[in-house]
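Structure assessment
Okay, here's what each chain looks like letter by letter:
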Amino acid sequence: MTFQASPLRSVQTTGLAGEIARDGPQRSTPWILNSSGQPNVIGYAYHKVADGEAEVGGTGAFVGILSQPKEHALVGSGSSSLTPSNILADGLNGTLTTMGILYIQLDGTGDAGTVDKALYSNDTTGAIAAGTPGAGETAIPNAKIVIDDVPADGLAIVSFTN
């Protein structure tokens, strides 16, 4: 029996999606999440739906990335309130970051995440990918991958400068 004939990961993960990755200027504001039943996933893009309310995905004004995964209360899933989750319920306050360097989990539908590659979000889910947006996708203003190249479904370090 051979021990670890092939590695499971070639790059060590250093953070969670939505966490601040590097020191520098940051701008985050609280918003009430109102996504009409669409899952409010930490690390996804959010757009303005009304004054003080944001929805995941959408096509309105970009208001940030749902960030700070460790500041939110664990609500779990339908089977258990202790089930780990990165999804918040509608009606809760969420921290949306428009400026900073964050870990972002790319969704795998775009290009490989190379340094300086622009990002876009899915208008329905808010999932983020690298490359040029197509139909049903919106470019995220002033967002680009920094530090390292990653696969299309990798954990990227992204700079937001809005």
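Going by the structure above, here's the rest.
**Comments concerning the nonpolar core**
Leu106 and Leu119 are the most contacted members of the largest nonpolar core, which has 16 residues in total. When contributions to this core are tallied by element, the ones reaching two or more residues are strand S5 (62-66), strand S7 (93-105), strand S9 (128-130), strand S10 (137-146) and strand S11 (155-161). The contact partners of leucine 119, leaving out residues within four places of it in the chain, are Leu106, Ile128, Ala129, Ala130, Ala139, Ile140, Ala143, Ile145 and Val158. Trp31, Ala54, Val63 and Leu96 belong to the second largest nonpolar core, which has 10 residues in total.

**Looking at the pairing of S7**
S7 sits mainly inside the fold: 10 of its 13 residues count as buried. Inspection of the sheet shows strand S1 (residues 27-33) paired to S7 by six bridges, in the antiparallel sense. Its bridge partner being in S7, isoleucine 32 is matched across the sheet by asparagine 93. Pairing geometry for S5 and S7, over two bridges, is antiparallel.

Parameters and conventions
Residues numbered from 1 in each chain as written. Predicted model: local features only at pLDDT ≥ 70, side-chain atom pairs only at ≥ 80, totals over all residues. Heavy atoms only, no water. Core = buried A, V, L, I, M, F, W, Y, C linked by side-chain atoms within 4.5 Å. Buried < 20%, exposed > 50% of the residue type's maximum accessible area, 1.4 Å probe, protein only. Helix = DSSP H or I, 4+ residues; strand = E, 2+ residues; numbered from the N terminus. Contact = heavy atoms within 4.5 Å. Pairing = 2+ DSSP bridges.

Distances and angles like these do not, on their own, reveal function.
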